[in-house]
Each structure stands twice: as C-alpha cells, then as structure tokens.
Amino acid sequence: MENRREQKRFQILAEVLIRPMRSKAWISAVLYNISDGGMGIYIASPIRKNRKILIKIIYFKDGRTAPSGVENLSGTVRWAHKIGRYWAAGVMFNENAG
C-alpha cells in the first residue's frame, strides 16, 4: 500500500482531550500517531468528517504536568471510521493552531 502522506508520522500512545467547536464538553481520546500536519486518534463516541475541533495535548514528566505544560491546537476531522465499539479518525491541524 502506497503512503501518500507528505509528512512522516510518529507512533505515540497518549491521552488527549478534544472538543468539537460550539460544544462545552471535552472528550477523552487516544492519540496513536502525530506529524507536523495532523494526528490519528481513537475515540469512544462518533465524530463526523469535516468537524472542527479543539485539541489539548498534556505533557507529563514523572507523573506531573511537564514544564512545557499543555499544547492547545485546533484541527479538522478529515476522515472517521468505526472500528468495533470505537472510532478512528484522522485530524489535520489548522495553520492558525495555537
């Protein structure tokens, strides 16, 4: 299978929080890969393609929030597929993230 991605993805396993725009509730998701342009997540609830979301990546060191703290990003869901009871989704970061 040909890899058409422009940027190398790095495999990672971390918990992130996402919040659909116009929603007040943060949802826990699992980050499984990331690049300069986007990330792959697993989430327990359905999420729609083209949905704009806010993203919080919290960095930890020795069980505490690291000095670099929390990274706030925004992105758009580019694809979403149901896998068993969960959803896998690809998120493209917005250029004005932060």
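Refer to the structure presented above.
Numbers given to residues run from 1 along each chain, matching the order in which its sequence is written. In keeping with the model being predicted, local features are shown solely for residues with a pLDDT of at least 70 and side-chain atom pairs are shown and tallied solely at 80 or more, while totals for entire chains, interfaces and linings include all residues. Excluding hydrogens and water, the side-chain figures rest on all heavy atoms present in the structure.

> Mind showing me how you'd approach the overall build of the protein chain here?
To qualify as a helix, a DSSP run of H or I must reach at least 4 residues; to qualify as a strand, a run of E must reach at least 2; elements of each kind are numbered from the N terminus. Each helix and strand in the protein chain was counted, giving 0 helices and 6 strands. A simple rule labels every residue: compare its accessible area, found with a 1.4 Å probe on the protein chains alone, to the largest value its type can have, and call it buried under 20%, exposed over 50%, or partly exposed in between. Looking at the 98 residues of the protein chain, the share that counts as buried comes to 32%. Using a 1.4 Å probe, the Shrake-Rupley method yields the accessible areas, and only the shown protein chains count as cover for residues. Total accessible area computed for the protein chain in this model is approximately 7100 Å², and 51% of it derives from carbon and sulfur atoms.

> Just checking my understanding: could you explain the nonpolar core for this structure?
Nonpolar side chains tend to gather and get buried jointly when the protein is soluble and globular. Counting 17 residues, the largest nonpolar core has Ile18, Ile41 and Ile55 as the members making the most contacts within it. Of all the secondary structure elements, the ones that give two or more residues to this core are β1 (10-20), β2 (27-34), β3 (38-43), β4 (52-61), β5 (64-83) and β6 (86-93). The greatest single-element share of this core, amounting to 4 residues, is contributed by β6. Whether two residues are in contact is decided by their heavy atoms, any of which lying within 4.5 Å being enough. The contacts of Ile18, once residues within four sequence positions are left out, are Ala25, Trp26, Ile27, Ile41, Ile43, Ile47, Ile53, Leu54 and Ile55. Only buried residues count toward a nonpolar core. Its members are Ala, Val, Leu, Ile, Met, Phe, Trp, Tyr and Cys residues joined through side-chain atoms within 4.5 Å.

> Looking at this structure, how should I read the pairing of β3?
Look at any regular strand and the pattern is simple: side chains alternate between the two faces of the sheet. Counting buried residues in β3 gives 5 out of 6 residues, a clear majority hidden from the surface. Two strands form a pair only when DSSP identifies at least two bridges running between them. Direction of pairing for β2 relative to β3: antiparallel, over a ladder of 5 bridges. From the neighbouring strand, Leu31 faces β3, where its bridge partner is Ile41. Across 6 bridges, the pairing between β3 and β6 is antiparallel. Counterpart to Gly38 in the pairing with β6 is Met92.

> Help me out: how do you make sense of the side chain of Asn94 in this one?
Relative to the assigned elements, Asn94 resides in the segment after β6. A polar contact of 3.3 Å, which involves the side chain of Asn94, links it to the side chain of Thr76. In this structure Asn94 touches Ser74, Gly75 and Thr76, once residues within four positions along its chain are discounted. Polar contact criterion, stated in full: a pair of N or O atoms within 3.5 Å, where within protein one must be able to donate a hydrogen and the other to accept it, and residues adjacent in sequence count only if both atoms are side-chain atoms.

> Can you help me understand a nonpolar patch on the surface in this one?
Like-charged residues within 9 Å of one another, or nonpolar side chains (Val, Leu, Ile, Met, Phe, Trp, Tyr) within 5 Å, are grouped into patches, provided each residue has over 30% relative accessible area and no salt bridge. Any Lys or Arg side-chain nitrogen found within 4 Å of a carboxyl oxygen on Asp or Glu counts as a salt bridge. The grouping of Leu13, Val30, Tyr42 and Ile83 at the surface amounts to a nonpolar patch, some 390 Å² of accessible area in total. Topologically, Tyr42 is positioned in strand β3. Among the residues examined, Tyr42 registers a relative accessible area of 37% and is labelled partly exposed.

> Looking at this structure, how should I read the packing of aromatic side chains?
In this description, an aromatic ring pair is defined by two values, namely the gap between the centres and the angle between the planes. Under the pairing criterion, centres of Phe, Tyr and Trp rings, with the six-membered ring standing for Trp, must be within 6.5 Å; the plane angle then separates stacked pairs below 30 degrees from edge-to-face pairs above 60, leaving the rest tilted. This structure, assessed with the given rule, holds 1 aromatic pair. Their ring planes at 25° and their centres at 4.4 Å tell us that Tyr32 and Tyr42 sit as a pair that is stacked. Pair noted here: Tyr32 is in strand β2 and Tyr42 is in strand β3, with a separation of 10 residues, a long-range link. Its relative accessible area of 18% is what places Tyr32 among the buried residues. By definition here, charges over rings are those cases where NZ of Lys or CZ of Arg is within 6 Å of the ring centre and within 35 degrees of the ring normal. Above the ring of Trp26, the side-chain terminus of Lys56 is found at 4.9 Å from the ring centroid.

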